[in-house]
Amino acid sequence: MNQEQINTGFDPSPENVASKDSKALHLPPEMMKPSINGGDQKKKEDVEDNEPERAMWGNQIEFLMSCIAASVGLGNVWRFPFVAYQNGGGAFLIPYVIVLILIGKPMYYLEGAIGQFSSRNSVTIWALSPAMKGTGYAQSLGCGYILSYYVAIIALCLYYLSMSFQSTLPWAVCQPEWKDCVPSDLTEDINLTENSTSSAELYFVKTVLQQSEGIEGGLGAPIWYLTLCLLASWVVIFLIVARGVKSSGKASYFLALFPYVVMIILLISTAILPGAGDGILFFITPKWEKLIELDVWYAAVTQVFFSLSVCTGAIIMFSSYNGFRQNVYRDAMIVTTLDTFTSLLSGFTIFGILGNLAYVLKKEVGEVVGTGGTGLAFISYPDAIAKTFQPQLFSVLFFLMMSVLGVGSAVALLSTINTVMMDAFPRIPTVVMSAICCSAGFLVGLVYVTPGGQFILEIVDYYGGTFLILFCAIAEIVGIFWIYGLENFCLDIEFMLGIKTSIYWRFCWGIITPVMMIVVFIYALISYEALVFGGYYTYPTAGYVSGYLMLLVGIAFVPLVMILVMYKNRTGNFWETFKQSFRSKPLWGPRSTATRHEWKLYKQEAIAEREKLNTTWLTHIWLSLSNNYQHRI
């Protein structure tokens with residue numbers, strides 16, 4: 001075994017050549033141009049005889065629209081404006097953009113490229129390093145956690161949408177049994193006391209949710225009208241995903257573009273309202289002293305990370321249906337930039353409305369801001385809408401936009417799980433698998449439409465959504481760049497797209513992004529505080545135990561699968577077993593048999609050239625990061 005084999009643990013024989021870091025070589029001219037229409041590739045790509053044919057997008061635009069619909073979701077509307085306001089206003093854009101460049105874009109490009117290169121889902125891509133396959137299972141579980149409550153939020157949006165067609169908005173007026181209630185449609189002669197509560201808040205808590213005081217006495221039975229809205233949400237999602245990408249691709253045009261139409265209409269309508277300008281200025285006015293606080297940078301990381309929907313498996317899944325030569329680099333740059341633009345657009349719209357509310361109430365904008373999340377969508381914004389000159393119109397547009405945004409992201413999450421299941425059970429028709437997944441999702445979602453459902457939603461989101469996905473991100477980037485190999489991955493991209501990977505991407509993938517993610521995760525653990533619902537309710541011990549179990553079950557997939565794979569590959573020598581378990585499978589690579597053969601020959605040539613250098617381990621790392629292998633050979 002030569003020095004190179006000792007350093008990497010890889011055997012550069014033809015059957016294992018896919019598992020060896022290698023330098024970037026020149027491609028033949030016919031390989032240099034990415035496909036303009038990814039759909040054309042399906043006519044050219046032959047696969048193994050025993051593999052079922054994999055569906056593909058009708059054209060490249062369908063993939064782009066699906067990614068936009070997935071990444072631009074509810075978080076852009078109800079989370080970003082308030083995260084920005086709480087963390088320095090306009091000054092927050094500085095850490096936000098920095099984190100977007102150093103974490104958001106690299107992670108999105110990584111997932112788009114790896115999915116397109118392999119035509120595999122978020123679980124089976126780990127043929128590149130089988131011992132890390134638990135990462136894929138953990139991502140799928142986290143995706144299921146998020147999807148379970150995400151559709152319940154869509155159900156609330158549908159309920160409010162249906163109520164918006166009444167001559168008087170039901171949350172604009174008080175009911176006789178509500179004490180200290182202030183009608184949300186009042187614009188003058190408003191008498192507020194210390195215990196005053198808006199009718200919009202009371203309507204949401206007492207009428208819509210019928211929220212209980214806690215979960216000690218149980219969750220209660222599902223509320224019938226929310227159950228119907230939940231069922232309607234799942235039916236809509238099922239109709240979109242019933243035929244896989246063939247149906248979801250067509251729906252993506254509406255899911256991606258319609259929210260922008262509504263958002264622009266709302267922004268224009270909002271901008272002409274008195275006080276709207278003050279609200280927008282309040283949103284973008286920088287508080288520079290916030291930049292030195294670690295919490296602000298942590299907030300920027302989490303906002304960018306979860307806004308783009310990376311590390312849930314959705315981007316890998318969508319790109320796996322691309323043609324092999326499609327320009328996924330361009331698509332990744334478009335989506336990540338558009339996502340940021342959407343967050344700013346929604347911030348202007350939301351704070352414009354709140355500025356008008358402050359003007360009407362003769363208060364400062366900061367006094368009417370309230371909180372983000374469901375508090376914004378179903379309390380603060382409806383309260384502001386009730387005071388506008390056309391409350392029904394504003395309400396219909398807002399909740400229709402929220403519903404479509406939610407469906408777009410839910411389709412991506414469900415399609416991720418659907419794809420994993422269909423690849424595992426290829427003989428089951430897509431429509432049957434979709435029906436099974438949607439039925440299961442509906443049954444689980446009934447938990448969230450009970451009087452105690454919002455308490456459970458917070459637990460699942462906090463432990464199953466935030467912490468678990470953050471852990472999966474670290475495992476994913478370590479598995480691909482520190483185990484499979486940075487130079488290896490960059491060579492795969494050059495073979496696929498015909499473009500060289502710059503120093504920016506290499507340093508982000510190899511050092512900056514994983515280190516930042518690890519620091520953020522450690523900071524989150526150190527600064528951890530027990531979850532408190534609504535700032536007042538402390539969960540019983542069983543609630544916190546359930547949250548930790550959700551998190552630990554997901555995390556446990558990674559070490560358990562490692563142990564299982566090492567046991568299956570045991571050789572009697574620990575080091576040999578270790579190398580064999582983390583080495584790529586022989587079938588790893590492009591799905592097409594012919595393309596995979598070309599790729600293996602391409603990498604075999606690269607390895608042969610690199611072996612002539614006889615580099616040390618540290619030199620290899622530096623040459624990989626600095627993109628200098630091509631200059632040394």
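Quantities reported herein were computed from a predicted structural model and do not represent experimental measurements.

S.K.: What's the story with the overall build of the protein in this structure? I'm lost.
M.R.: Across its full length, the protein holds 24 helices and four strands. Counting every position in the protein, which comprises 633 residues, the buried fraction comes to 58%. Considering only contacts within the protein whose residues lie at least 6 apart along the sequence, 82% involve residues at least 24 apart. For the protein, the computed accessible surface area is about 25,300 Å², with 65% contributed by carbon and sulfur atoms.

S.K.: What is the right way to look at the UniProt feature "binding site: Na(+)" (unreviewed entry) in the protein in this model?
M.R.: As annotated in UniProt, the feature "binding site: Na(+)" (unreviewed entry) corresponds to Val72, Asn76, Ser307, Leu405 and Ser409 in the numbering used here. Taken along the chain, the residues just named run across 338 residues; in space they keep tight, none of their C-alpha pairs more than 12.3 Å apart. Its location among the elements puts Val72 in the loop between helix H2 (60-71) and helix H3 (74-78). Following the sequence through the fold, Ser409 ends up in helix H16 (residues 391-424). Sequence-distant contacts of Ser409, defined by excluding residues within four places in its chain, comprise Ala69, Ala70, Val72, Gly73 and Tyr150.

S.K.: Can you walk me through the packing of helix H8 (residues 224-241) against helix H17 (residues 430-445) in this structure?
M.R.: Helix packing geometry: the angle between the two helix axes and the distance between the axes. Across the interface, H8 lies against H17 with an axial gap of 10 Å and an inter-helix angle of 160 degrees. Comparing their axes, H17 and H8 come out roughly antiparallel. Pair H8 / H17 crosses with right-handed handedness. Mapping the contact onto sequence places Thr227, Leu230, Leu231, Trp234, Phe238 and Val241 in H8 and Thr430, Val431, Ser434, Ala435, Cys438, Gly441, Phe442 and Gly445 in H17. In the contact of H8 with H17, the residues fall into nine nonpolar, five polar and no charged.

S.K.: Just checking my understanding: could you explain the state of the cysteines for this structure?
M.R.: Linking two cysteines covalently via their sulfur atoms produces the bond known as a disulfide. Inspection of the entire model under this criterion finds one disulfide. The disulfide partner of Cys174 is Cys181, and the gap between their sulfur atoms is 2.0 Å. In this structure the cystine formed by Cys174 and Cys181 twists about its S-S bond by roughly -85 degrees; its chirality is therefore left-handed. The partly exposed category is assigned to Cys174, whose relative accessible area is 26%. Left without a disulfide partner, Cys437 is nearest to the cysteine sulfur of Cys438, which lies 7.0 Å away.

S.K.: Explanation requested: unusual backbone geometry in the structure shown.
M.R.: Note: most peptide bonds trans; most residues except glycine with negative phi. For Ser119, which is not glycine, the phi torsion reads 55 degrees and is therefore positive. Of the residues examined, Ser119 reaches a relative accessible area of 7% and is grouped as buried. Positioned with a positive phi, Ser309 is a non-glycine residue whose angle comes to about 65 degrees. Checked against the element boundaries, Ser309 lands in the loop between helix H11 (294-307) and helix H12 (314-319).

S.K.: I keep staring at the side chain of Thr227 and nothing clicks. Help me out?
M.R.: With respect to the helices and strands, the residue Thr227 is situated in helix H8. The buried category is assigned to Thr227, whose relative accessible area is 17%.

S.K.: I would appreciate a short explanation of the packing of H2 against helix H9 (residues 245-271) in the present structure.
M.R.: Interhelical geometry of H2 versus H9 gives an angle of 55 degrees and a closest axis separation of 8 Å. In terms of orientation, H2 and H9 fall into the oblique class. Seen from above, H2 lies across H9 with left-handed handedness. Contacts between H2 and H9 involve Ile61, Glu62, Met65, Ser66, Ile68 and Ala69 from the first element and Val245, Ser248, Gly249, Lys250, Ser252, Tyr253, Leu255, Ala256, Leu257 and Tyr260 from the second. Across the contact of H2 with H9, the residue classes tally to 10 nonpolar, four polar and two charged.

S.K.: Even after reading the chapter, I still don't get a nonpolar patch on the surface, so can you show me in this structure?
M.R.: On the surface, a cluster of nonpolar side chains totalling about 540 Å² of accessible area is made up of Trp224, Leu228, Leu231, Val235 and Leu239. Positionally, Leu239 belongs in helix H8. A relative accessible area of 58% means that Leu239 is categorised as exposed.

S.K.: When you look at the nonpolar core in this model, what are you seeing that I'm missing?
M.R.: It is characteristic of soluble globular proteins that their nonpolar side chains tend to be buried jointly. Tyr109, Phe378, Phe398, Phe489 and Trp509 are the most contacted members of the largest nonpolar core, which has 193 residues in total. The biggest single contributor to this core is helix H18 (residues 453-497), with 28 residues. Other than its neighbours up to four places away in sequence, Phe378 contacts Trp78, Ile153, Leu156, Cys157, Tyr160, Ala200, Phe204 and Phe399.

S.K.: What is the right way to read the side chain of Thr419 from this model?
M.R.: Positionally, Thr419 belongs in helix H16. Taking the relative accessible area as the measure of exposure, Thr419 reaches 2% and is therefore buried. For Thr419, the contacting residues outside a window of four places in its chain are Arg54, Asn121, Met317 and Tyr321.

Quick notes on the rules
- Residues numbered from 1 in each chain as written.
- Predicted model: local features only at pLDDT ≥ 70, side-chain atom pairs only at ≥ 80, totals over all residues.
- Heavy atoms only, no water.
- Helix = DSSP H or I, 4+ residues; strand = E, 2+ residues; numbered from the N terminus.
- Buried < 20%, exposed > 50% of the residue type's maximum accessible area, 1.4 Å probe, protein only.
- Contact = heavy atoms within 4.5 Å.
- Areas by Shrake-Rupley, 256 points an atom, 1.4 Å probe, with all protein chains shown as cover.
- UniProt positions renumbered as here; feature names shortened; annotations may be inferred.
- Axes fitted to C-alpha atoms, helices over the stretch in contact; angles between N-to-C directions.
- Parallel < 35°, antiparallel > 145°, perpendicular 65-115°, else oblique.
- Left-handed = near helix turned anticlockwise from the far one by under 90°.
- Nonpolar A, V, L, I, M, F, W, Y, C, P; charged D, E, K, R; others polar.
- Disulfide = S-S within 2.5 Å.
- Patch = residues over 30% accessible without salt bridge, like charges linked within 9 Å, V, L, I, M, F, W, Y side chains within 5 Å.
- Salt bridge = Lys/Arg side-chain N within 4 Å of Asp/Glu carboxyl O.
- Core = buried A, V, L, I, M, F, W, Y, C linked by side-chain atoms within 4.5 Å.

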